[in-house]
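Listed below, chain by chain, are the residues.
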Amino acid sequence: MSTVAASPTSPSPAPLLSIALLAFDDMEALDFAGPFEVFTTASRVFARMLASQNAEHCSNTASTRPLFGVTCVARTLAPVQARAGLRVLPDADFAAPLAADLLLVPGGVVNRAIACPDTLAWVQRMHAASRVTASVCTGAFILAAAGVLTDEPVTTHWEDQADLQQQFPRLRVQSGVRWVEAGAGAGAGERAPARIITSAGISAGMDMSLRLVATMADPNMRALGLSGQALAERTALQMETTWTQQAPQPPV
């Protein structure tokens, strides 16, 4: 399992699961912030569940490491300006020696990101080293331009599906779904994350992120006698959001 390397002087333990979240100018704010909120909230809920179980069994044997650690990565350390003006300060730039369990690419106005060789090269490199790669909305265009998506079933915002199919005709663009899974683990229920997962727009990215909480956290949760699905459901409850789920797709 890969992790983001912790600084020798950092007091925080390394997370059990690491996430590299791409940031770029003109990204959709909620495509970025929605998944960030899901994974950081899941970590807090996990810690509460762990503490409750330890109290119930009078034990303290489980790891105190956070479940998810999210690193915001951009081309440089300069502030990134999302659509409508929200500014984000990156944690790391493309030169940082990062490895992550999950690479997550948001959407938005992606023209400049797609035209940036450094961005595409970083996405390629991070995908090759990750367990799972995911996109929200038009982030699928970035994955396709980087060669991560080639001929898989995918989805994106309903308004952009025709353009995605036209620009990358080998892709199998799906409509009427919140997310689409492809590769190892696709169609395997809650226990195995797919290699690549793409979502429709904005709020669908949060649904997909909850799905990733369920699948990626499941081994850690089962070691505690719990499940990743339960963690995802409690995370949605904590966020007071309705998790729109869907039946597992057949393997592809």
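In this text the structure is predicted, and so the values were computed from the model without any measurement.

Caption draft 1: Local environment of the environment of Leu16. Checked against the element boundaries, Leu16 lands in the segment before strand S1 (17-22). Along the chain, Leu16 and Ala217 lie 201 residues apart, while their C-alpha atoms are 9.0 Å from each other.

Caption draft 2: Focus on the side chain of Thr215. With respect to the secondary-structure elements, Thr215 resides in helix H6 (residues 203-216). Thr215 gets classed as buried once you look at its relative accessible area, which sits at 3%. Among the polar contacts listed, one links the side chain of Thr215 to the backbone oxygen of Leu212, at a separation of 3.4 Å.

Caption draft 3: Quick look at the pairing of strand S7 (residues 132-136). For S7, the tally of buried residues reaches five of five residues, placing the bulk of the element in the interior. A two-sided burial pattern is seen for S7, the buried positions comprising Val132, Ala134 and Val136 on one face and Thr133 and Ser135 on the other. The pairing of S7 with strand S11 (residues 196-199) spans four bridges and is parallel. Within the sheet, the bridge partner assigned to Ser135 lies in S11 and is Thr198.

Caption draft 4: Quick look at the packing of aromatic side chains. The final tally for this structure, using the stated rule, is two aromatic pairs. Measuring from ring centre to ring centre gives 5.1 Å for Phe39 and Phe68, while their planes differ by 65°; the resulting arrangement is edge-to-face. Taken together, the positions of Phe39 in helix H1 (residues 29-57) and Phe68 in strand S2 (residues 68-74) put the pair 29 residues apart, joining distant regions of the chain. As far as the burial class goes, Phe39 and Phe68 line up, both buried. Judged by centre distance (5.0 Å) and plane angle (15°), the rings of Phe94 and Trp122 are stacked. Of this pair, Phe94 sits in the loop between strand S5 (92-93) and strand S6 (102-105) while Trp122 sits in helix H3 (residues 117-129), placing them 28 residues apart in sequence. When sorted by exposure, Phe94 lands in the same class as Trp122, which is buried.

Cut-off values and rules
- Residues numbered from 1 in each chain as written.
- Predicted model: local features only at pLDDT ≥ 70, side-chain atom pairs only at ≥ 80, totals over all residues.
- Heavy atoms only, no water.
- Helix = DSSP H or I, 4+ residues; strand = E, 2+ residues; numbered from the N terminus.
- Buried < 20%, exposed > 50% of the residue type's maximum accessible area, 1.4 Å probe, protein only.
- Polar contact = N/O pair within 3.5 Å; in protein donor to acceptor, adjacent residues only side chain to side chain.
- Pairing = 2+ DSSP bridges.
- Phe/Tyr/Trp six-rings, centres within 6.5 Å; stacked < 30°, edge-to-face > 60°.

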